[in-house]
Amino acid sequence: MTDIESRIDTSRPHTARIWNYWTGGKDNYPVDREAGDQIRALHPGIGEYAKADRLFLGRAVRYLAEQEDIRQFLDIGTGLPSADNTHEVAQRVAPDARVVYVDNDPLVLAHARALLVGTPEGRTDYLDADLRDVDTILAAAAKTLDLSRPVALMLLGVVIFVEDDEESYAIVRRLMDALAPGSHLVLSHTVTHPDMTDVDAAVAFWNEHGTPKLTQRTPAAVSRYFDGLELLEPGVVSCSAWRAETATPDVAMYAGVGRKWGAR
């Protein structure tokens, strides 16, 4: 058994594996499916959130590669490989795109090297690191990415695991401060909203039974992550509504894309 495999805990449900279950994946265990079903009973639409977040990732990466000529992506909190991962979307547009994935979930890391294989023209790398390890992430990412050129920082559903508000804002700021002008922040975050109270019940259940714990924030609090950046239209909205071609119901996962101009 490898060191990574020895870190996989199948006795407690884990968010990455439940997310994988909700999106139709097979990289999960009975404990994850049981918890996923219990959460879905509290909030029947939760599976749609996972799918909407994945579709947002595809639209955002495609936009950045096609319209902004972004060729470098730093995807932190990757999650388990699924359809249309960041490198797949980016390299369809630009085969020479470079992507660095970062996660500290052992099951994600066990699958990443086998499944997240990019084009011969581009490069794909994987880091075992926590979001809070900013210096470690930047130093290791710089071996694959040229941080003097624009990078898309992908933070989808990951800052929810930093409980302290100011710490979470500081982490995002430190990461963006290290990136070149023309870089973009792509971020999604579970929200608490008066029109979506069943989400609060689902989150409370998760925090009692699952790992790691997550923190909801208001849409206004999510918008703060983009302070100092040029927030692209349509702003911070339900991820299902961000530049979607067809109207779909809002979900309690809000998202936005911001551009860095000059010194932040």
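Along every chain, residues carry numbers that run from 1 in the direction the sequence is written. Thresholds applied to this predicted model are a pLDDT of at least 70 for local features of residues and 80 or more for the giving and counting of side-chain atom pairs; totals over whole chains, interfaces and linings are not thresholded and use all residues. Side-chain descriptors were evaluated using all non-hydrogen atoms of the structure, hydrogens and water having been removed beforehand.

- Looking at an unreviewed UniProt entry, one finds the chain named SAM-dependent methyltransferase, with Streptomyces narbonensis as its source organism.

**Remarks on the packing of helix α3 (residues 30-42) against helix α9 (residues 197-209)**
Part 1 of the argument: All axes are obtained by fitting lines to C-alpha atoms, using only the stretch in contact for helices, and the reported angles, taken between N-to-C directions, cover 0 to 180 degrees. The helix count covers DSSP runs of H or I at least four residues long, the strand count covers runs of E at least two residues long, and both are numbered beginning at the N terminus. Between α3 and α9, the shortest axis-to-axis distance is 8 Å and the interhelical angle comes to 155°. Comparing the axis directions of α3 and α9 gives the class roughly antiparallel. The element α3 and its partner α9 pack so that their crossing is right-handed. Together, A35, Q38, I39 and L42 of α3 and D198, A201, A202, F205 and W206 of α9 make up the contact between the two elements. Roughly parallel means an angle under 35 degrees; roughly antiparallel, over 145; roughly perpendicular, 65 to 115; everything else is oblique. What makes a crossing left-handed is the near helix being turned counterclockwise from the far one by less than a right angle; a clockwise turn instead makes it right-handed. Any two residues whose heavy atoms approach within 4.5 Å at even a single point are treated as in contact.

**Quick word on unusual backbone geometry**
Part 1 of the argument: With an omega of 10°, the peptide bond running from E233 to P234 counts as cis.
Part 2 of the argument: Along the chain, P234 falls in the loop between β6 (230-231) and β7 (237-238).
Part 3 of the argument: Not every positive phi belongs to a glycine, and D69 is a case in point at roughly 55°.
Part 4 of the argument: With respect to the helices and strands, the residue D69 is situated in the loop between α4 (46-67) and β1 (72-76).

**Here's the deal with the pattern of salt bridges**
Part 1 of the argument: What makes a salt bridge here is a side-chain nitrogen of Lys or Arg within 4 Å of a carboxyl oxygen of Asp or Glu, nothing more. Counted under the stated rule, the structure contains 9 salt bridges.
Part 2 of the argument: A salt bridge links D165 to R217; the nearest nitrogen and oxygen atoms lie 2.7 Å apart. With D165 in helix α8 (residues 165-177) and R217 in the loop between α9 and α10 (219-223), this residue pair connects regions lying 52 residues apart in the sequence.
Part 3 of the argument: The class for R217 is buried, based on a relative accessible area of 3%.
Part 4 of the argument: Across the pair R259 and E230 runs a salt bridge whose closest N-O atoms are separated by 2.7 Å. Here E230 lies in strand β6 and R259 lies in strand β8 (residues 253-259), a separation of 29 residues in the sequence.
Part 5 of the argument: Each residue gets one of three labels from its accessible area relative to the maximum for its type: buried under 20%, exposed over 50%, partly exposed in between, using a 1.4 Å probe on protein chains only. On the basis of relative accessibility, which here comes to 35%, the residue E230 falls in the partly exposed class.
Part 6 of the argument: Through salt bridges with shared partners, a single network forms among E68, E230 and R259.

**Some points on the side chain of T190**
Part 1 of the argument: Among the structural elements, T190 can be located in strand β5 (residues 184-190).
Part 2 of the argument: Judged by its relative accessible area of 12%, T190 is buried.
Part 3 of the argument: Non-local contacts of T190, meaning those with residues more than four positions away in its chain, are made with I160, V199, T215, Q216, R217, A252 and M253.

**Comments concerning helix α7 (residues 134-141)**
Part 1 of the argument: For α7, the full list of buried residues reads V134, I137, L138, A140 and A141.
Part 2 of the argument: In the core, the buried residues of α7 are packed alongside β1, β2 (98-103), β3 (123-128) and α8.

**Points about the packing of α7 against α8**
Part 1 of the argument: Running from N to C, α7 and α8 point in directions that differ by 25°, and their axes come no closer than 10 Å. Classified by the angle between their axes, α7 and α8 sit roughly parallel to one another. Every pair of crossing elements has a handedness; the one defined by α7 and α8 is right-handed. Between α7 and α8, the contacting residues are V134, D135 and L138 on the first element and I171, R174 and L175 on the second.
Part 2 of the argument: Of the residues in the contact of α7 with α8, the class split is 4 nonpolar, no polar and 2 charged. Under this grouping Gly is polar, as are all residues other than the nonpolar Ala, Val, Leu, Ile, Met, Phe, Trp, Tyr, Cys and Pro and the charged Asp, Glu, Lys and Arg.

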